[in-house]
Amino acid sequence: QVQLVESGGGLVQAGGSLRLSCAASGYTLDRYLLGWFRQTPGKEREFVAAIRWSGGITYYAESVKGRFTIARDDANDTVYLQMDSLKPEDTAVYYCAARQERLAKYDYWGQGTQVTVSS
């Protein structure tokens, strides 16, 4: 079973940057995708970005393309989300998640970290 622990959230002004980290443990990640999702009160959780652990192929939501970058650190089993040019509408709880490549559903979730962007 994969355990995920996020860190790095906080308060930042619009136009600023934050980097989120997600430390994974408990399983070999070679056949997994690691993703970031976000959720605001009253809204459904939405996909932000994902990366295939093997090969490093990345995927992004249109709303964050060109501003956010997902990357992985093989040595430390950590995935990062570098968020630049932040906007107030990026304010949300950000969750790290993992799924097996062969499955569509993300089965493992972190506890979430709050990101607040002030205008």
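Above this text sits the structure in question.
Residues numbered from 1 in each chain as written. Predicted model: local features only at pLDDT ≥ 70, side-chain atom pairs only at ≥ 80, totals over all residues. Heavy atoms only, no water.

Participant: Can you tell me about the sheet that holds strand 1 (residues 3-7), naming the residues and giving the values?
Facilitator: One open sheet accounts for four strands, arranged 1-3-8-7; its pairing is antiparallel. The open sheet is flanked by strand 1 and strand 7 (68-73), the only strands paired with a single partner. In this sheet, neighbouring strand axes are inclined to one another by 15 degrees on average, regardless of whether the strands run parallel or antiparallel. Relative to strand 3 (residues 18-25), strand 1 is paired through five bridges, and the arrangement is antiparallel. Bridge pairing in strand 3 places Glu6 opposite Cys22. (Pairing = 2+ DSSP bridges. Helix = DSSP H or I, 4+ residues; strand = E, 2+ residues; numbered from the N terminus. Axes fitted to C-alpha atoms, helices over the stretch in contact; angles between N-to-C directions.)

Participant: Can you tell me about the packing of aromatic side chains, naming the residues and giving the values?
Facilitator: By the definition in use, this model includes six aromatic pairs. The interplanar angle of 55 degrees and the centroid separation of 6.2 Å between the aromatic rings of Tyr106 and Trp109 together place this pair among those described as tilted. Taking the relative accessible area as the measure of exposure, Trp109 reaches 33% and is therefore partly exposed. Three or more aromatic residues joined by ring pairs make a cluster, and in this case those are Phe37, Phe47, Tyr106 and Trp109. Against the face of Tyr95 rests Arg45, its NZ or CZ located 4.0 Å from the ring centre. (Phe/Tyr/Trp six-rings, centres within 6.5 Å; stacked < 30°, edge-to-face > 60°. Buried < 20%, exposed > 50% of the residue type's maximum accessible area, 1.4 Å probe, protein only. Lys NZ or Arg CZ within 6 Å of the ring centre and 35° of its normal.)

Participant: So, the nonpolar core: which residues are in play, and what are the values?
Facilitator: One broad rule of soluble globular proteins: the nonpolar side chains tend to lie buried together. Of all hydrophobic cores here, the largest spans 30 residues; its most connected members are Leu4, Leu34, Trp36, Val79, Leu81, Met83 and Tyr94. Only strand 3, strand 4 (32-39), strand 5 (46-52), strand 7, strand 8 (78-83), strand 9 (92-100) and strand 11 (113-118) provide two or more residues apiece to this core. In this structure, Val79 is in contact with Leu20, Ser21, Cys22, Leu34, Trp36, Ile51, Trp53, Ile70, Ala71, Arg72 and Cys96, ignoring residues within four places of it in sequence. Grouped together as the second largest cluster of nonpolar side chains are five residues, Leu33, Phe37, Ala50 and Ala97 included. (Core = buried A, V, L, I, M, F, W, Y, C linked by side-chain atoms within 4.5 Å. Contact = heavy atoms within 4.5 Å.)

Don't take any of this as a statement about function, it's just geometry.
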